[in-house]
Amino acid sequence: MSSTPRLTVTGLKKSFGSNSVLHGIDLAFEPGQFIGLMGPNGAGKSTLIKILAGLYSADEGTIKLDDETVRNLGSRRECGFIHQDLGLIEDMSICENLRLGQQPMKLVGPILNLKREREAAAEAIARVGLDRDVDTPVSALSPGEKTLVAVARTLDRGARILFVDEATSTLPAADSRRLTDALRRTVDDGATVIMVSHKLSEILDDTDRVVVILDGEISTDEPTASLDREGLVERLVAKESEMAVEGEADACEIGEELIALEAACGGRAGPVDLVLRGGEITGLTGLPGSGLHDIGFLVHGSMRPVSGRVRASRKIRRALVPPHRETQGGIPVSSIRENLTLSSLPRWRGFGRLLALGQEGRDAQGMADELNVVPGDAEGPYGVLSGGNKQKVIFGRVLLKEPQVYVLCEPTRGVDIATRMEIYRLIRKLRSKDVAVLVISSDSEDLFSVCDRIGVVDDGTVEELVPAEEMNTQQLEALV
Ligand SMILES: Nc1ncnc2c1ncn2[C@@H]1O[C@H](COP(=O)(O)OP(=O)(O)O)[C@@H](O)[C@H]1O
Ligand SMILES: [Mg+2]
């Protein structure tokens with residue numbers, strides 16, 4: 001195994017136009033270290049990694065591998081980058097994806113030694129703990145398995161310093177575990193791993209060192225062992241006012257039944273029996289492929305049951321925060337206002353059915369202010385917002401619709417700690433006798449933070465719903 005160079009970054013600065021994003025980053029990464037890189041959405045984590053990868057150029061600063069000054073690390077075989085877009089080709093096999101761009105293994109002359117290529121691929125995926133036939137097309141893999149293939153490919157090309165940018169934020173707990181275990185093994189083997197994540201437990205359990213970027217500066221650089229959960233949250237949250245007030249969810253009178261699934265089947269879900277009443281926040285969790293999100297679509301009405309029934313009074317307004325923000329959430333080329341008001345336009349229908357544009361604009365701006373969307377001009381484009389801010393806009397759209405039934409899928413996926421707390425507050429504020437909320441999430445923290453009762457979805461059906469106070473995270477994760 002080749003040795004791992006020491007990576008040193010000095011005085012790195014970067015602005016986009018008048019927006020100064022990184023103002024002087026100094027960091028040194030030792031071999032054999034697992035580093036958690038944290039910070040709010042928009043703090044500059046990805047910008048730093050993209051500069052190191054050579055995708056952006058720095059305005060100032062130097063990058064060194066051992067004593068050698070380099071322009072960037074993008075073309076260095078000892079450095080590997082796993083971006084959120086994994087760069088895999090879906091309809092090619094694991095083996096083909098691994099071998100892509102590498103010297104072909106030859107038998108004689110131009111004849112490929114396919115057997116050796118397949119053996120090499122099998123070894124590479126075994127190193128990251130993936131047990132799959134290497135002829136399996138990548139499209140057939142779970143999101144977690146795809147990430148493992150990307151890691152295997154990077155390691156197979158000789159990478160000793162690995163950057164992993166928010167790869168776990170879209171993964172269910174079990175897949176995140178496999179990935180961090182694989183990364184841990186490479187670190188134990190002498191490599192350096194720099195992993196960006198918003199997940200506190202992951203960072204606390206798996207890393208050796210925590211680096212926090214706040215507003216383009218390193219605000220924390222400490223051994224993980226010296227931090228507990230509370231200490232880490234304190235370091236991540238810039239303003240006192242953003243600190244979590246975890247308090248008990250307010251009790252609320254239970255209202256009448258608003259929607260009921262009766263042996264409803266659709267997509268991978270079913271048969272499902274589920275009754276949602278006003279005043280209750282219900283949480284469902286399960287593995288991808290369990291039909292979890294399809295239950296949300298059935299409740300929302302965007303999927304019709306192929307058998308069974310979804311019983312709801314016709315007048316009930318329902319609204320959905322979809323699970324895949326990037327593809328189902330918003331319209332990138334439209335403004336924040338248009339994305340906010342999109343599904344409740346009749347609200348602003350005035351004289352002669354014309355839209356009361358002024359009022360629509362004021363209401364949209366009011367919502368953007370209330371949700372603390374940054375940048376906060378509602379006429380600005382939606383497409384360039386950071387993930388957490390996009391999530392707030394989609395929330396705002398759902399709030400403006402004032403539904404009686406909320407279906408919130410993966411409400412905190414990929415958002416930073418402060419936004420997560422804000423979203424929890426928003427969800428708790430929805431609790432009223434006439435409103436039912438269904439939270440569907442693979443993140444158990446979502447369920448324990450806001451839900452009154454929690455159920456596990458397995459093979460399309462909802463097991464028993466248990467009051468949240470009668471369960472803890474370990475018990476829940478064991479059931480999933
Ligand atoms: N290509 C770009 N052009 C203009 N601004 C950018 C670009 N990439 C990132 N930014 C800005 O840089 C800041 C930091 O973004 P980013 O590094 O993606 O944050 P993080 O990864 O910490 O969430 C944000 O304000 C973002 O809008
Ligand atoms: Mg980022």
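All figures in this text were calculated on a predicted structure; none of them were measured in a lab.

Take the overall build of the protein chain next. Tallying secondary structure elements over the protein chain gives 15 helices and 20 strands in all. Relative to its 480 residues, the protein chain shows a buried fraction of 52%. Intrachain contacts of the protein chain at a sequence separation of at least 6 include 67% that bridge at least 24 residues. Carbon together with sulfur atoms contributes 49% to the accessible area of the protein chain, which is approximately 21900 Å² in total. For the protein chain, the distance from the average site of its 56 positive side-chain charges to the average site of its 73 negative ones is 6 Å.

Turning to helix α5 (residues 173-188), a few remarks are in order. For α5, built from 16 residues, the straight-helix expectation of 22 Å at 1.5 Å per residue is met to within 8% by its first-to-last C-alpha distance of 22 Å. Within the span of α5, buried status applies to Asp175, Ser176, Leu179, Thr180, Ala182, Leu183, Thr186 and Val187. Here the buried residues of α5 occupy an arc of 155° about the axis, which is enough to place them on one side. Where α5 is buried, its residues meet β3 (34-38), α4 (143-156), β7 (161-165), β8 (192-196) and α6 (200-206).

This part is about the site of ligand 1. Every residue close to ligand 1 is listed here: Phe16, Asn19, Val21, Pro40, Asn41, Gly42, Ala43, Gly44, Lys45, Ser46, Thr47 and Tyr56. Between ligand 1 and the protein, one listed contact pairs an oxygen atom with a side-chain N or O atom of Asn19 at 3.4 Å. Side-chain polar atom of Ser46 to an oxygen atom of ligand 1: 2.9 Å apart, as the coordinates give it. Contact with the protein chains hides 65% of the accessible area of ligand 1, taken as 560 Å² for the molecule alone. Elements with a contribution of two residues or more to the shell around ligand 1: β2 (19-29) and α1 (45-53).

What follows concerns the pattern of salt bridges. According to the stated counting rule, one finds 34 salt bridges in the structure shown. Between Glu60 and Lys13 there is a salt bridge, with its nearest N and O atoms 3.9 Å apart. On the criterion of sequence distance, the pair formed by Glu60 in strand β4 (residues 60-65) and Lys13 in strand β1 (residues 7-16) is long-range, its members being 47 residues apart. Glu60 gets classed as partly exposed once you look at its relative accessible area, which sits at 45%. A relative accessible area of 34% means that Lys13 is categorised as partly exposed.

So, on to the sheet that holds strand β10 (residues 217-223). Adjacent strands of a sheet pair through backbone hydrogen bonds, lying either parallel or antiparallel. In space, the six strands of this open sheet follow the order β6-β7-β8-β3-β9-β10, with mixed pairing throughout. A single partner strand is all that each edge strand has here, and the edge strands are β6 (79-82) and β10. Sheet twist, expressed as the average angle between the axes of neighbouring strands with direction ignored, equals 15°. Pairing of β3 with strand β9 (residues 209-214) involves four bridges; the strand directions are parallel. By the bridge assignment, Gly36 is partnered in β9 with Val210. Set on the sheet, helix α7 (residues 229-236) makes contact with β3, β9 and β10; between it and β9 the angle comes to about 25°.

Turning our eyes to something else, we now look at a nonpolar patch on the surface. On the surface, Ile331, Val333 and Leu342 cluster together into a nonpolar patch covering about 280 Å² of accessible area. Take Ile331: it is sitting in the loop between α9 (325-329) and α10 (336-341). Among the residues examined, Ile331 registers a relative accessible area of 36% and is labelled partly exposed.

Attention now goes to the domain arrangement of the protein chain. One can read the domain layout of the protein chain as domain 1 (7-238) and domain 2 (257-479). Here the C-alpha centroids of domain 1 and domain 2 sit 31 Å apart. Domain 1 puts 14 residues into the contact, and the matching count from domain 2 is twelve residues. Both faces considered, domain 1 and domain 2 share a buried interface measuring about 1100 Å² in area, 64% of it formed by carbon and sulfur atoms. The largest per-residue losses of area from domain 1 upon contact with domain 2 belong to Asn41, Pro172 and His198, which jointly make up 42% of the total buried on that side. Along the contact surface separating domain 1 from domain 2 lie one salt bridge. One salt bridge connects Arg229 with Glu445, and the closest N-O pair in it is separated by 3.7 Å. Taken together, the links from domain 1 to domain 2 amount to one residue pair in polar contact (both at pLDDT 80 or more). The class makeup of the residues in the side of domain 1 that touches domain 2 is seven nonpolar, five polar and two charged.

Moving on, we come to the nonpolar core. Counting 84 residues, the largest nonpolar core has Leu183, Ile427, Val437 and Val439 as its most contacted members. Ranked by residues supplied to this core, first place goes to helix α13 (residues 417-430) with seven residues. Shared between two domains, this core holds at least three residues of each, these being domain 1 (7-238) and domain 2 (257-479). Among residues more than four places away in sequence, those in contact with Leu183 are Phe34, Val151, Leu162, Val164, Val193 and Met195. Core analysis: the second largest hydrophobic core is formed by 28 residues, Leu22, Leu27, Phe163 and Ile194 among them.

Here we take up empty space enclosed by the protein. Per the stated rule, a full pass over the model turns up two cavities of 30 Å³ or more. Quantified by volume, the second largest cavity comes out at close to 30 Å³. Lining the second largest cavity are Gly39, Pro40, Leu236, Asp416, Ile417 and Ala418. A breakdown of the residues in the lining of the second largest cavity according to their chemical character gives four nonpolar, one polar and one charged.

Here the focus is the sheet that holds strand β5 (residues 68-70). One open sheet holds the four strands; their spatial order is β2-β1-β4-β5, and the pairing between them is antiparallel. In the strand order of this sheet, the two ends are held by β2 and β5, each with one partner. Between one strand and the next, the sheet's axes are offset by a mean angle of 30°, whatever the strand orientation. As defined by bridge partners, β1 adjoins β2 across eight bridges and the pair is classed as antiparallel. The residue bridging Ser15 from the neighbouring strand is Ser20, located in β2.

Calculation notes
Residues numbered from 1 in each chain as written. Chains lettered and ligands numbered in written order. Predicted model: local features only at pLDDT ≥ 70, side-chain atom pairs only at ≥ 80, totals over all residues. Heavy atoms only, no water. Helix = DSSP H or I, 4+ residues; strand = E, 2+ residues; numbered from the N terminus. Buried < 20%, exposed > 50% of the residue type's maximum accessible area, 1.4 Å probe, protein only. Contact = heavy atoms within 4.5 Å. Areas by Shrake-Rupley, 256 points an atom, 1.4 Å probe, with all protein chains shown as cover. Lys, Arg positive; Asp, Glu negative; His and termini not counted. Charge placed at Lys NZ, Arg CZ, Asp CG, Glu CD. Expected span 1.5 Å × (residues − 1). Arc of directions from axis to C-beta. Near = heavy atom within 4 Å. Polar contact = N/O pair within 3.5 Å; in protein donor to acceptor, adjacent residues only side chain to side chain. Salt bridge = Lys/Arg side-chain N within 4 Å of Asp/Glu carboxyl O. Pairing = 2+ DSSP bridges. Axes fitted to C-alpha atoms, helices over the stretch in contact; angles between N-to-C directions. Patch = residues over 30% accessible without salt bridge, like charges linked within 9 Å, V, L, I, M, F, W, Y side chains within 5 Å. Domains from an automatic or database assignment. Buried area = accessible area lost by both parts, 1.4 Å probe. Nonpolar A, V, L, I, M, F, W, Y, C, P; charged D, E, K, R; others polar. Core = buried A, V, L, I, M, F, W, Y, C linked by side-chain atoms within 4.5 Å. 1 Å grid on protein atoms, 1.4 Å probe; cavity = no way out; pocket = protein on both sides within 12 Å on 5 of 7 lines; lining within 4 Å. Points joined across faces, edges and corners; volume = space filled by probe spheres on them.

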